[in-house]
Amino acid sequence: MRFVTITTPDDWHLHLRDGDVLSRTVADSARQFKRAMVMPNLVPPVTDTAMAMAYYERVMACKTNLQPLMTLYLTDHTDRQEIITAQRSGCIQAVKLYPAGVTTNANAGVTAIEKTYDVLEAMQEVNMPLLVHGEVTTAETDIFDREKYFIDEQLKPLLERFTNLKVVFEHITTQDAVEFVIQADTRVAATITPQHLLYNRNHLLSGGIKPHLYCLPILKHNHHQLALQQAAISGNPKFFLGTDSAPHARNAKENACGCAGCYSALAAIELYAQVFDQLQAMDKLEGFASHFGADYYGLHRNESTITLVKKPWQIPSQLDYADQTIIPLGAGETLDWQLA
Ligand code: DOR
Ligand code: ZN
């Protein structure tokens, strides 16, 4: 039997939600991850340090070993003093930019990036990274092109204007994004999800719509999937793990207007292992999953380890989600690797 031991990984992009589902989401991530960058798109959004610290306490009350790293939700009205407060708190690691309306609970997001210039300047001064949902929101732009246009119209000018701002291009989905990140300077990095490595838009749309594969940014053409796979296994430290695990109850996804998000937290590291092994790159998993993110954020690498064993198991076909159910990413499918 094959065993692979790696430094305990971290999830650099995670939705835990809140309330009575927290115990489930936190426990699932804690199964494999030590730290998680916790996204702030709650209802209402986590827009200031006090809200983030209260949310932190609710996560910690779940009493797992998951260490939450908190983020603030950037709005048109965030002020520079809030960034100073966030930095001094020691609790906030980053600020998340959702262009207004771009995805789940993004209605309070930024309507025009110029409105945040003062805040971005403060972030640059205190070395607070900006985490970007990189899609344009213009209704006339084709949904498959929204990331590509974001690079030229928003991201390049932003990086030129704020030459010391650290920017993580979250959940990248295109070859355009891969190429952009490779040529950018070292303050730019990107996270990659398991769904964008494992699937493409044919999986979503061919032979019937699969609402549980619907996420944003949407799954793209197969050639983009291949580019993401190559980036993930390249050993380039600009690319690291961020699941974007984002639970929605089954009935909210199997719906005439289904929600965006894939729930991967339960089997995340095994899903990534599946891809890396298929590409004969298991030796590259540790850097991607456990080293590069911590290095980028200037945090220590974890000292503990996890061991994966090559032994097939089946992802459950559904999970309890408070008083509802949720269909996990890869439900019912067999994975080759499991946590020992
Ligand atoms: O698919 C997604 N779901 N993409 C996002 O950007 C947000 C997330 C969510 O919060 O459900
Ligand atoms: Zn997300």
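Residues numbered from 1 in each chain as written. Chains lettered and ligands numbered in written order. Predicted model: local features only at pLDDT ≥ 70, side-chain atom pairs only at ≥ 80, totals over all residues. Heavy atoms only, no water.

S.K.: Which residues make up the side chain of Arg187, and what values go with them?
M.R.: Tracing the chain through its elements places Arg187 in the loop between α6 (175-183) and β8 (188-192). Its relative accessible area of 11% is what places Arg187 among the buried residues. One polar contact links Arg187 to Asp185, side chain to side chain, over a distance of 2.8 Å. If near-sequence neighbours (up to four positions away) are discounted, Arg187 is found in contact with Leu159, Phe162, Thr163, Asn164, Leu165, Lys166, Val167 and Tyr296. (Helix = DSSP H or I, 4+ residues; strand = E, 2+ residues; numbered from the N terminus. Buried < 20%, exposed > 50% of the residue type's maximum accessible area, 1.4 Å probe, protein only. Polar contact = N/O pair within 3.5 Å; in protein donor to acceptor, adjacent residues only side chain to side chain. Contact = heavy atoms within 4.5 Å.)

S.K.: An account of the site of ligand 1 is needed here, citing residue identities and associated values.
M.R.: Around ligand 1 sit 13 residues in total, of which Arg17, Asn41, Leu216, His248 and Ala260 are the nearest. Measuring from an oxygen atom of ligand 1, one finds a side-chain N or O atom of Thr104 at 3.2 Å. Within the side chain of His248, one N or O atom sits 2.8 Å away from an oxygen atom of ligand 1. Per-class residue counts for the shell around ligand 1 are 4 nonpolar, 7 polar and 2 charged. (Near = heavy atom within 4 Å. Nonpolar A, V, L, I, M, F, W, Y, C, P; charged D, E, K, R; others polar.)

S.K.: Residue-level account of the sheet that holds strand β6 (residues 130-132), with values.
M.R.: Overall, parallel pairing links the 8 strands, which are arranged β2-β3-β4-β5-β6-β7-β8-β9 in an open sheet. Since the sheet does not close on itself, it has two edges, and those belong to β2 (11-14) and β9 (239-241), each with one partner. Across the sheet, the mean angle from the axis of one strand to that of its neighbour is 30°, orientation sign disregarded. In this sheet, β6 lies alongside strand β5 (residues 92-97) in parallel orientation, the contact comprising 3 bridges. Within β6, the residue paired with Val95 across the bridge is Leu130. (Pairing = 2+ DSSP bridges. Axes fitted to C-alpha atoms, helices over the stretch in contact; angles between N-to-C directions.)

S.K.: Outline helix α12 (residues 285-297), supporting the account with residue identities and numerical values.
M.R.: With 13 residues, α12 should reach 18 Å at 1.5 Å per residue; the first-to-last C-alpha distance of 19 Å fits that figure. Along α12, the residues that are buried comprise Leu285, Gly287, Phe288, Ala289, Ser290, His291, Phe292, Gly293, Ala294, Tyr296 and Tyr297. Within two residues after α12, Gly298 carries a phi angle of roughly 70°, on the positive side. (Expected span 1.5 Å × (residues − 1).)

S.K.: An account of the coordination of the zinc ion (ligand 2) is requested, with residue identities and associated values reported.
M.R.: Every protein donor of the zinc ion (ligand 2) is accounted for by His13 (NE2), His15 (NE2) and Asp244 (OD), and the metal-donor separations fall at 2.0 to 2.1 Å. Each donor residue of the zinc ion (ligand 2) lies on the same chain, and together they follow the pattern H-x1-H-x228-D. Of the two residues, His13 sits in strand β2 while Asp244 sits in the loop between β9 and α10 (250-253), which places them 231 residues apart along the sequence. On the accessibility criterion, Asp244 (7% relative accessible area) is buried. (Donors = N, O, S within 2.8 Å, 3.2 Å for Na, K, Ca; no water.)

S.K.: Give a detailed account of the sheet that holds strand β13 (residues 334-339), specifying residues and quantitative values.
M.R.: Strand order across the open sheet formed by 3 strands is β1-β10-β13, with antiparallel pairing between neighbours. In this open sheet, the two strands that pair with only one neighbour each are β1 (3-7) and β13. Taking the axes of each pair of neighbouring strands and ignoring which way they run, one obtains an average angle of 35° across the sheet. For β1 and strand β10 (residues 305-314), the ladder comprises 5 bridges, and the chain directions are antiparallel. Its bridge partner lying in β10, Thr5 is registered against Thr307. The strands that helix α11 (residues 268-278) touches are β10 and β13; relative to β13, the one it contacts most, it runs at about 115°.

By themselves, these observations are geometric and do not establish any function.
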